[in-house]
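# Chain and residue survey
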Amino acid sequence: MDRGDLANLTAFVAVADQRSFRAAASRLGVTPSALSHSMRQLEERLEVRLLHRTTRSVSLTDAGLRLLERLRPAIDQITGALEDLNEERQRPLGRLRIYANHLAAAAVIAPIWGRFLSTYPEVHLELAVGDTPIDIVAKGFDAGIGPHDARVLSWAAADMIAVRVMGPMKVAVVGAPTYFARQRPPRTPDDLARHNCVQYRLAGDGAVFAWSFGRHGKSTRISVEGRVMVNNGDLAVRAAVDGLGIAYTIEALAEPFLRSGQLVRVLEDWSPSLEGMSLYYPGHRQVPATLRALIDMVRTARGSVPTKGSLRNPFTND
């Protein structure tokens, strides 16, 4: 069956429903003569008469009735599918699959997913977390989230759109109250030399990350010492919560523990900002309503401010 057959069968159902070429032509947006020609083509191809027609009336032959009984469920399914697509275009529904690195998942998606799902109860959100760049289209994802800089291009093909969804993220230097009960909190970065610091090994080259600080236009990098070393931002925060030392992280990861009192912040006036995050997706047009709703909610929650002057984020391993 070619495309012409499907069009002619749809036209046949319209004629059978309306029992009139003029009414069916009006419904389909074609001329009565064009519709009559389509019916002749269909009958010639099938080698069977489907319609009795005179200048005043149209009726179905017995063969036409049998064909209509078989066609109607399929036509109804096609019509329903198109209506569902139109409904999806107008309001968020269905499954939304996002691929994000660990930091983006924690800092961009997790803070708003409860509100997002309650606002759009017909949406099913799937969040896959990984720090290895992948082809999100080949893997069936609707969008990905990564650092807002040139490296995002290694996550996204050239024909994708990148939308900033998170501005610079403020560094938080934190420790547990039990730790600071034993050690006086640092007042300057130099004071960290007397502290146990949770060290962070970069995944890319395996180097140990030096902590960056800045104040009054001056910046400094401190190589810290400590008994614990990790290569995951969540583990660095966990080590600080457990009283193992001071951790260098971002506000989004430390915020729940600062709010609960499990962590205390130090050196806040010395803490710089790290680069933000971008969401990328394929294509320039017809952004799905569900993805558009997520982008809007994330940007409303976090705002979008320039990343100029922010530091490369060590907690992203891409």
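First things first, this report covers the structure right here in the doc. (Residues numbered from 1 in each chain as written. Predicted model: local features only at pLDDT ≥ 70, side-chain atom pairs only at ≥ 80, totals over all residues. Heavy atoms only, no water.)

## Some words on the overall build of the protein chain
In terms of regular secondary structure, the protein chain is built from 11 helices and 15 strands. By residue count, 43% of the 318 residues in the protein chain fall in the buried class. For the protein chain, the accessible surface area stands at approximately 17400 Å², while carbon and sulfur atoms represent 50% of it. (Helix = DSSP H or I, 4+ residues; strand = E, 2+ residues; numbered from the N terminus. Buried < 20%, exposed > 50% of the residue type's maximum accessible area, 1.4 Å probe, protein only. Areas by Shrake-Rupley, 256 points an atom, 1.4 Å probe, with all protein chains shown as cover.)

## Details of the nonpolar core
Judged by nonpolar contacts, the single largest core of 60 residues is most densely connected at Ile145, Val173, Trp211, Phe213, Met277, Leu279 and Leu294. By size, the runner-up hydrophobic cluster in this structure holds 20 residues, among which are Leu9, Ala11, Val13 and Ala16. (Core = buried A, V, L, I, M, F, W, Y, C linked by side-chain atoms within 4.5 Å.)

## Remarks on the pattern of salt bridges
Pairing is possible between side chains of opposite charge, provided their charged atoms come close. All chains considered together, the criterion is met by 12 salt bridges. Between aspartate 296 and arginine 292 there is a salt bridge whose closest N-O contact spans 3.7 Å. Of this pair, aspartate 296 and arginine 292 both sit in helix α11 (residues 289-302), 4 residues apart, which is roughly one turn of the helix. If you follow the salt bridges from partner to partner, you end up with Asp17, Arg27 and Arg72 in one network. (Salt bridge = Lys/Arg side-chain N within 4 Å of Asp/Glu carboxyl O.)

## What about the pairing of strand β7 (residues 169-175)?
Among the 7 residues in β7, 6 count as buried, and that is most of the element. Across 4 bridges, β7 lies against strand β12 (residues 247-250) in antiparallel orientation. Pairing of valine 174 across the sheet is with alanine 247, part of β12. (Pairing = 2+ DSSP bridges.)

## Focus on the sheet that holds strand β4 (residues 123-129)
If you trace the 5 strands from one edge of the open sheet to the other, you get β4-β3-β5-β15-β6, paired in mixed fashion. Two strands lie at the open edges of the sheet, namely β4 and β6 (160-166), each paired on one side alone. Taken over all neighbouring pairs, the strand axes of this sheet differ in orientation by 25° on average, direction set aside. Two elements, strand β3 (residues 94-100) and β4, share 7 bridges in a ladder whose sense is parallel. Directly across from arginine 97, in β4, lies its bridge partner glutamate 126. Where helix α5 (residues 102-109) meets the sheet, its contacts fall on β3, β4, β5 (143-147), β6 and β15 (277-282), and the angle it forms with β4 comes to roughly 145°. (Axes fitted to C-alpha atoms, helices over the stretch in contact; angles between N-to-C directions. Contact = heavy atoms within 4.5 Å.)

## Some words on the packing of aromatic side chains
Aromatic ring pairs are described here by two measures, namely the spacing of the ring centres and the angle between the planes. Taken as a whole and assessed by the stated rule, the structure comprises 6 aromatic pairs. Between tryptophan 211 and tyrosine 248 the ring centres are 5.2 Å apart and the planes differ by 35°, which places this aromatic pair in the tilted class. Of the two residues, tryptophan 211 sits in strand β9 (residues 211-215) while tyrosine 248 sits in strand β12, which places them 37 residues apart along the sequence. Note on tryptophan 211: relative accessible area 0%, which makes it buried. Note on tyrosine 248: relative accessible area 3%, which makes it buried. Among the aromatic side chains, those forming a connected cluster through ring pairs are Phe209, Trp211, Phe213 and Tyr248. (Phe/Tyr/Trp six-rings, centres within 6.5 Å; stacked < 30°, edge-to-face > 60°.)

## Some points on the pairing of β3
The element β3 is extensively covered by neighbouring structure, given that 5 of its 7 residues are classed as buried. Here β3 pairs with β5 via 3 bridges, running parallel. Bridging across to β5, isoleucine 98 finds its partner in alanine 143.

## A short note on the environment of isoleucine 112
Locating isoleucine 112 in the fold gives a position in the loop between α5 and α6 (113-119). Spatially, the C-alpha atoms of isoleucine 112 and leucine 294 are 8.9 Å apart, while their sequence positions differ by 182 residues. Setting aside residues no more than four positions away along its own chain, isoleucine 112 makes contact with Leu294, Met297, Val298 and Ala301.

## As for the side chain of arginine 97
By secondary structure assignment, the location of arginine 97 is in strand β3. Non-local contacts of arginine 97, meaning those with residues more than four positions away in its chain, are made with Glu126, Lys139, Gly140, Phe141, Asp142 and Ala143.

## A look at the packing of helix α2 (residues 21-28) against helix α3 (residues 32-46)
The contact between α2 and α3 brings their axes to 8 Å, and the two run at 100°. With respect to each other, α2 and α3 are oriented roughly perpendicular. Contact residues: Phe21, Arg22, Ala24, Ala25 and Leu28 in α2; Pro32, Leu35, Ser36 and Met39 in α3. Here the residues of the contact of α2 with α3 sort into 7 nonpolar, 1 polar and 1 charged. (Parallel < 35°, antiparallel > 145°, perpendicular 65-115°, else oblique. Nonpolar A, V, L, I, M, F, W, Y, C, P; charged D, E, K, R; others polar.)

## Quick word on a nonpolar patch on the surface
Taken together, Leu6, Ile78 and Leu82 make up a surface patch of nonpolar side chains, about 260 Å² in accessible area. Following the sequence through the fold, isoleucine 78 ends up in helix α4 (residues 62-90). (Patch = residues over 30% accessible without salt bridge, like charges linked within 9 Å, V, L, I, M, F, W, Y side chains within 5 Å.)

## Focus on α2
Among the residues of α2, those classed as buried are Phe21, Ala24 and Ala25. Along the long axis of α2, the arc covered by the buried residues comes to 100°, so they all point the same way. Facing away from the buried side of α2, by more than 90 degrees, are the exposed residues Arg22 and Ser26. With a side-chain oxygen lying 3.3 Å from the backbone nitrogen of arginine 22, the N-terminal cap of α2 falls on serine 20. Just downstream of α2, glycine 29 is the residue with a positive phi angle, here 75°. (Arc of directions from axis to C-beta. Polar contact = N/O pair within 3.5 Å; in protein donor to acceptor, adjacent residues only side chain to side chain.)

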